[in-house]
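# Survey of secondary and tertiary structure
Now for the letters of each chain:
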Amino acid sequence: GVAVVALVMAGITLAAGADPSAAPASSTPGTPPSTAAATTDVPTASLAETTTTALVTTTSAPPTSIPLTAPPPDQLADAALASTTVSLEPIVVAVPPEIRGATGEVLDDDELAAIEAEAASYVPPPPVPNRQPLRPPTIHADTPDPQLVAADGRYLLFSTNSGGFHVPVRISADLANWSEPTDALPVLPSWGRPGLTWAPSVAPIGGRWVMAVAVRSATHARHCIGLFVASSSTGPYRSTGGPVVCSGQGAIDPYLFVDRSGAYLYWKRVKGGGQQLIGATLDTRTLALSNETPLLASTQPWEGYGIENPAMVDAGGQLLLFYSGNWWTDRRYAIGYAECDGPLGPCHKVTIDRAWLSSGDGADGPGGQSFTTDGRGQVWMGYHAWVAGIGYQNGGHRPLHAEPLRFERGRPVLVNRRAEGAFDAWLRAPGGVIVGGWAGDVDHRQPTTVEVLVDGTLTAVANTGWERPDVAAARPDLGQRRGFAHRVPVPAGAHEVCVRAVDDLRLSRTPLGCRSVTIDPTPTGALESASSPRAGHVEVRGWAIDPDVETAIGVRVLVDGVERGGGTADREHAVAAASYPAHGGLHGFVVSIDAPGGERTVCVEALDSAGGPPTRLGCRTVVVAAPATTTPPPIPTTAPTTTSTTTTTSSPTTTSTTTSTTSTTTTTTTTTEPPASTSTTSTTDATTTTGG
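Below you will find a few notes about this structure. Everything numeric in this text was worked out from a predicted model, so none of it was measured.

What follows deals with the overall build of the protein. Scanning the protein from N- to C-terminus turns up four helices and 37 strands. The buried share of the protein, taken over its 692 residues, is 50%. Pairs at least 24 apart in sequence give 60% of the contacts found in the protein among residues at least 6 apart.

As structure tokens, then:
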């Protein structure tokens, strides 16, 4: 059966029938999907857009009834409902005071200009054949050398110094909405110089959190690598003493790696006119280094000016050492990798002729990669790339990009999984319907696009953005605000309305379900009561609504087939609000009219806003009491006897005259001269007042 879930979407109630916890899609490798069509990965070998033309209604187990909240109703008509995007933090970048070449030497302006001129004229090779598009940044702030860490059900982002922080750290529940940064390393060691703290790496080692980071030496013109510890993943971290690596012309880009065999530290070393990637064993108790071993050097043409940013990953039993190659402010900067026989090698480059991940799709010079595995077993690669310009001097900055990965026979593959969701219900709305449900994409935490088709024709496009606590609780890997509720124009008549979810790279569309919808444009409502509260009057009560408009409509009242009056259905009415929640609750009426006495047939009709024929809402038989009549007095048969008495009282200023008859008494006060005498006159048929 299908359960009914109350979706309290700004007063809108939807009948739901999809359980987010039963929806396809565990991202954990090896977990059998509940619906194969909704979880099959899109092969990276194919970029052809898969458009589903035959949509079918999906079914799933009923969910628990949960009240939901949503944006205000005025957003229902928006093309994208309350779209949640990344948090927009001020972009604060730190430009190093000096630029160094491949061997660590300081470059003068002419040397730097020559490198930049060569980079500007460079035409990148085409991407790796059949490579899927790269995803946009997950944050707008400048976050170079990003260290992405999944810990305690959330994501942490550490990066090179910026915004006055030695090591900025941000927190996110969904890889889309990030907290304001705090400083994970508020106090530098005594041997460090502020302003040049690069490429932090963080991992749990030996029962505490350990950070490795390159800090500019206060006494030497080079970077050295220090180790710092904390009881919390976000810090604050404190120094363990002096630098653990500080030789040659410098050491940067440390990376921590832990597996069953122990802990290891990797870094880039500049020494003797060349660059190397070095690995060493890290004692989990004392954090002392041993077995320092060269692993890779810059040897391939695409690597150009150098090799840096080592990052070791266990690819299902095969160790892969990723690295960045070429000049960091060059669009040729890219990511390659090598296969390693063990944590300390030997390592053999796989990316010989070209990089594995190079510039494209608005991401120039990708590099600074790091890797983490979330609670569902999904491997994520974080990296930076230039946007809005290449180089800080050209207005660019390097935000975090996050890509899910899987490994096929020990080789990395960018992942693109199908979007998921459900078309829960629809309800009648002015001009059409509102469709409601949820959708999400485990590969990206930005709003998911849904498309609505009416009779097979694409009619509306919307984004998720409504709060759905049930979905968030059952599928935390999808992120927050996965609900949608969108107004769709549908003409009168019977139609099929279908909804599908689009994956974030727009390479596939997942059917979420279809519903048969009948649109009746005629007014509707009910005559709930008719009575005669007092003689000569009839009062009718009920509700009336025109489904095509949101405003109140008129009603007219007929007594024995004759229109006797009318009114407007503009009062609060619970039944109207529940029956048509998208139209508001002001559609009740109370109308009182005059009516003749006797048994009467009273009918009420709703008026069509478009001028069509009215709709009969109902009729009632009402006994109307006749109004009370006033009987005129009888005409007398003989003339009344009238006695007139006039009394005049003299005073210095006033004469008072009183006239008395059998039917009338009149008192008149007048001001006269003092009278000479007083007299009284009586008559039987008239009243006369005289005065002197």
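Take the pairing of strand 17 (residues 364–373) next. Of all 10 residues making up strand 17, eight are buried, and the element is well covered by its neighbours. As defined by bridge partners, strand 17 adjoins strand 18 (residues 379–386) across six bridges and the pair is classed as antiparallel. The residue of strand 18 that forms the bridge with Gly367 is His384.

Strand order across the open sheet formed by four strands is 28-29-33-32, with antiparallel pairing between neighbours. At either margin of the open sheet sits one strand with a lone partner, and together these are strand 28 (524–531) and strand 32 (571–572).

If you look at the biggest cluster of nonpolar residues, it comprises 36 residues, and the most contacted ones within it are Leu296, Phe322, Trp356, Leu357 and Phe371. Going through the elements one at a time, strand 9 (251–259), strand 10 (262–271), strand 12 (289–297), strand 13 (307–315), strand 14 (318–325), strand 15 (334–340) and strand 18 are the ones with two or more residues in this core. Ignoring sequence-local partners within four residues, the contact set of Leu296 consists of Gln275, Gln276, Leu277, Ile307, Leu321, Tyr323, Ala338, Cys347 and Lys349.

Another point: the pairing of strand 6 (residues 208–217). Counting buried residues in strand 6 gives nine out of 10 residues, a clear majority hidden from the surface. Across nine bridges, strand 5 (residues 192–205) lies against strand 6 in antiparallel orientation. Pairing of Val202 across the sheet is with Met211, part of strand 6. Relative to strand 7 (residues 223–230), strand 6 runs antiparallel, the two sharing eight bridges. Residue pairing in the sheet places Val213 in a bridge with Gly226 of strand 7.

Bringing the pattern of salt bridges into the picture now. Taken as a whole, this structure holds 25 salt bridges when the rule is applied. Here Asp548 and Arg428 are joined by a salt bridge, their closest N and O atoms 3.1 Å apart. Taken together, the residues Asp548 in the loop between strand 29 (537–545) and strand 30 (554–559) and Arg428 in strand 21 (residues 420–429) connect sequence positions 120 residues apart. Residues Asp560 and Arg600 are paired through a salt bridge, measuring 3.2 Å at the closest nitrogen-oxygen approach. Residue Asp560 is found in the loop between strand 30 and strand 31 (562–568), and its partner Arg600 is found in strand 34 (residues 598–606); the two are separated by 40 residues along the sequence. What you see here is one network of salt bridges that share partners, running through Arg135, Glu403, Arg417, Asp443 and Asp504.

On to the sheet that holds strand 34, then. Strands in a sheet are paired, the pairing made by backbone hydrogen bonds, and the direction either parallel or antiparallel. Spatial strand order, 31-30-34-35: four strands in an open sheet with antiparallel pairing. Lying at the two open borders of the sheet, with one neighbouring strand each, are strand 31 and strand 35 (615–624). Across the sheet, the axes of successive neighbouring strands diverge by a mean angle of 25°, strand direction being ignored. As judged from the five bridges shared by strand 30 and strand 34, these two strands associate in the antiparallel manner. Following the sheet pairing, Arg556 is matched in strand 34 by Glu605.

On to unusual backbone geometry, then. A cis amide bond links Gly235 to the next residue, Pro236, at an omega of 5°. Note on placement: Pro236 falls in the loop between strand 7 and strand 8 (238–239). Of note, the bond from Gly345 into Pro346 is cis; its omega dihedral lies within 30 degrees of zero at 0°. For Asp152, which is not glycine, the phi dihedral falls at a positive 55°. For Asp152, the location among the structural elements is in the loop between strand 1 (147–151) and strand 2 (154–158). In this structure Asp152 comes out as exposed when scored by relative accessible area, which is 67%. The phi dihedral of Ala388 falls on the positive side, at around 65°, and the residue is not glycine. With respect to the helices and strands, the residue Ala388 is situated in the loop between strand 18 and strand 19 (400–408).

So, about the environment of Cys224. Within the secondary structure, Cys224 is located in strand 7. For Cys224, a relative accessible area of 1% puts it in the buried group. Counting along the chain gives 27 residues from Cys224 to Ala251, while the straight-line C-alpha distance between them is 5.4 Å. Those residues in contact with Cys224 that lie beyond four places of it in its chain are Trp191, Val213, Ala214, Val215, Ser217, Pro243, Val245, Cys246 and Ala251.

This next bit is on the packing of aromatic side chains. Going through the model one piece at a time under the given rule, you end up with 10 aromatic pairs. Centre to centre, the rings of Trp302 and Tyr323 are 5.9 Å apart; their planes meet at 20°, and the pair counts as stacked. With a gap of 21 residues between them, Trp302 in the loop between strand 12 and strand 13 and Tyr323 in strand 14 connect regions that are remote in the sequence. When the ring of Tyr337 is compared with that of Trp356, the centres are 6.4 Å apart and the planes differ by 90°; the resulting orientation is edge-to-face.

Attention now goes to the state of the cysteines. Evaluation of the coordinates by the stated rule reveals four disulfides. Residue Cys498 pairs covalently with Cys514 via a disulfide, S to S 2.1 Å. Given an S-S torsion of about 110°, the disulfide between Cys498 and Cys514 has right-handed geometry. Placement of the pair is Cys498 in strand 26 (residues 493–502) and Cys514 in strand 27 (residues 509–519), with a sequence separation of 16 residues. Residue classification places Cys498 among the buried residues on the basis of a relative accessible area of 6%. For Cys514, a relative accessible area of 7% corresponds to the buried category. Counting only the cysteines that take part in disulfides, in the order they occur along the protein, gives the pairing 1-2, 3-4, 5-6, 7-8.

Along the chain, Gln276 falls in strand 11 (residues 274–282). Under the relative-accessibility criterion, Gln276 is labelled partly exposed at 28%. Between the alpha carbons of Gln276 and Ala251 there is a distance of 9.8 Å; along the sequence they are 25 residues apart. Not counting chain neighbours up to four residues away, the residues in contact with Gln276 comprise Trp267, Lys268, Arg269, Pro294, Leu296 and Ala297. Looking at Gln276, its side chain comes within polar contact range of the side chain of Arg269, at 2.8 Å.

Conventions and cut-offs
- Residues numbered from 1 in each chain as written.
- Predicted model: local features only at pLDDT ≥ 70, side-chain atom pairs only at ≥ 80, totals over all residues.
- Heavy atoms only, no water.
- Helix = DSSP H or I, 4+ residues; strand = E, 2+ residues; numbered from the N terminus.
- Buried < 20%, exposed > 50% of the residue type's maximum accessible area, 1.4 Å probe, protein only.
- Contact = heavy atoms within 4.5 Å.
- Pairing = 2+ DSSP bridges.
- Core = buried A, V, L, I, M, F, W, Y, C linked by side-chain atoms within 4.5 Å.
- Salt bridge = Lys/Arg side-chain N within 4 Å of Asp/Glu carboxyl O.
- Axes fitted to C-alpha atoms, helices over the stretch in contact; angles between N-to-C directions.
- Phe/Tyr/Trp six-rings, centres within 6.5 Å; stacked < 30°, edge-to-face > 60°.
- Disulfide = S-S within 2.5 Å.
- Polar contact = N/O pair within 3.5 Å; in protein donor to acceptor, adjacent residues only side chain to side chain.

By themselves, these figures tell us nothing about what the structure is for.
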